[in-house]
Every structure is written in C-alpha cells, then in structure tokens.
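Fold and contact review
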Amino acid sequence: MVTIISGTNRPGSWTLKLAKYYQKRLREKGLNAGILSMDQLPANIIETDLYGKRSAEFAGIQEIVTNTQKFLFIIPEYNGSFPGVLKTFIDACDFPVSFYDKKAALTGLSSGKYGNIRGIDHFTGVCHYLNLHVMPLKIHISSIKQEFDENNNLFKSDTLQFTEEQMDKFILY
C-alpha cells in the first residue's frame, strides 16, 4: 500500500492540491496511492491519541499507516520547518509498527523561494529516528502559487522534470 501524506491541516491548502496532483500522475504511471491529509485527524488529537491512548477516530488512520509500505510526504514550510500537526500525527502513530523499515519520499513546498529546504532536512531527521528509509531524491518546490495551470496541473518545465523523476524513482523504490 502507498500513501501520500498531505502535511498540513490548513483548509484549501496548496499542499493538498499538490498531493492530488501527485496521486493523479502516479495513477497514470500505474501506481495507486491513497491520500491521508492532516485535516482528517481528530480535532482533539492531543487529548485523545497521544501517550498510549487511541480514539475510534484515529484507529482508522492508524490502520492506513500500519498497512502502508511506502509514504510520499508533501510538506509545506511553516516558520522555517514543517507543520506541528505533522509532528503530532507522527507522535500519535504506534511505534515502531507505523514507520519502522518502511520507505518514504519527501517533497517540500513553499510560497517563498526555497521550497521548504530546511523543513525537509528537519523532517528527514525525524524519519531517520523512526528508521523510515528516505529516498535520496528530495524535491523542493518554491513559489507554489505560480506552479499550477488552470487545470490544476504543474506546468513549469523544470518542476515537471524534477517531479517526474522523483515519481519514477519512487515507483521503483
């Protein structure tokens, strides 16, 4: 099972838009992937699903994570790093079964010019701690608001080149 993680719970996010684009392109390449967005998390996850607790709401999410063998994380830049909700999600998941010895690809995005380089580095450290094997090719998409055409497709040649290469490598990973 392959799951794309949309790493923010912000309504109407560019992150979810990019996750849906990746899902569509991966499907066209023959790989079916589900999307798990941080906006699907229980609103009170801090009270209900940390420190050994498990809510009925999160149980279904945990089942998806447990059954996933490859993750593609789409991670926006928040204050020079990655969103706290993504870290809370990781902390709520069962350890080690959720991520241990599984595979991941990382894609950063930002409205600024660096594409969340620092946040992807920070998240890579978390992945290493979890023994989640990170694919070496990491993508950083800057100025995300200018990357999509009217059909919600990426259109800039350099971004297309890098994302297509990442997807092709992810399929083989």
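Structure: above.
What counts, and at which threshold
Residues take numbers from 1 onward in each chain, read along the sequence in its written order. Restriction of local features to residues with pLDDT of at least 70 applies here, the model being predicted, together with a cutoff of 80 or more for giving and counting side-chain atom pairs; totals for whole chains, interfaces and linings are based on all residues. As a convention, hydrogens and water are excluded, and side-chain values are obtained from all of the structure's heavy atoms. Of the grid points, spaced at 1 Å and generated over the protein atoms alone, those admitting a 1.4 Å probe that cannot get out make up cavities, while open sets with protein on both sides within 12 Å along at least five of seven lines make up pockets; any residue with an atom within 4 Å of a point is treated as lining. Grid points are joined across faces, edges and corners, and a volume is the space filled by probe spheres set on the points. Under the grouping applied here, Gly and all other residues not named as nonpolar or charged are polar, the nonpolar ones being Ala, Val, Leu, Ile, Met, Phe, Trp, Tyr, Cys and Pro and the charged ones Asp, Glu, Lys and Arg. By definition, any uninterrupted DSSP run of H or I lasting at least four residues is a helix, any uninterrupted run of E lasting at least two residues is a strand, and each is numbered from the N terminus. An expected span of 1.5 Å times one less than the residue number is assigned to each helix. A simple rule labels every residue: compare its accessible area, found with a 1.4 Å probe on the protein chains alone, to the largest value its type can have, and call it buried under 20%, exposed over 50%, or partly exposed in between. As used here, the arc belongs to the directions running from the helix axis to the C-beta atoms. Only heavy atoms matter for contacts: two residues are in contact if any of them lie within 4.5 Å across the pair. When two rings of Phe, Tyr or Trp (its six-membered ring) have centres within 6.5 Å they constitute a pair, described as stacked for plane angles under 30 degrees, edge-to-face for angles over 60, and tilted for the intermediate range. Note on geometry: a ring has a charge over it if NZ (lysine) or CZ (arginine) is within 6 Å of the ring centre and within 35 degrees of the ring normal.

Within this model, the largest pocket holds a volume of roughly 260 Å³. What lines the largest pocket is a set of 13 residues, and nearest its centre among them are Arg10, Pro76, Glu77, Tyr78 and Ser111. For the lining of the largest pocket, the per-class residue count stands at 5 nonpolar, 5 polar and 3 charged. Roughly 160 Å³ of volume is contained in the second largest pocket. In terms of lining residues, the second largest pocket is bounded by Lys113, Ile139, His140, Ile141, Ser142, Glu147, Asp158, Thr159, Phe162 and Thr163.

Time to look at helix α6 (residues 157-172). The end-to-end C-alpha separation of α6 is 23 Å, in line with the 22 Å expected for 16 residues at 1.5 Å each. Listing the buried residues of α6 in full gives Thr159, Thr163, Glu164, Gln166, Met167 and Phe170. Down the axis of α6, the buried side of the element spans an arc of 165 degrees, and every buried residue falls inside it. Among the exposed residues of α6, those oriented more than 90 degrees off its buried face are Ser157, Gln161 and Leu172. For α6, the secondary structure elements touched by its buried residues are β1 (2-6), α1 (14-28), β3 (70-76), β4 (103-109) and β6 (139-141).

With that settled, the discussion passes to the packing of aromatic side chains. Taken as a whole and assessed by the stated rule, the structure comprises 10 aromatic pairs. Between Tyr21 and Phe148 the ring centres are 6.5 Å apart and the planes differ by 80 degrees, which places this aromatic pair in the edge-to-face class. Placement of the pair is Tyr21 in helix α1 and Phe148 in the loop between β6 and α6, with a sequence separation of 127 residues. Accessibility classification places Tyr21 together with Phe148 in one group, the buried group. Judged by centre distance (5.2 Å) and plane angle (50 degrees), the ring pair of Phe71 and Phe99 falls under tilted. Note that Phe71 is positioned in strand β3 and Phe99 in the loop between α4 (84-92) and β4, a separation of 28 residues in sequence. As far as the burial class goes, Phe71 and Phe99 line up, both buried. Among the aromatic residues, those joined into a cluster by ring pairs are Phe58, Phe71, Phe73, Phe82, Phe89, Phe99 and Phe123. Geometry around Phe148 places Lys17 over its ring, the cationic atom sitting 4.9 Å from the centre.

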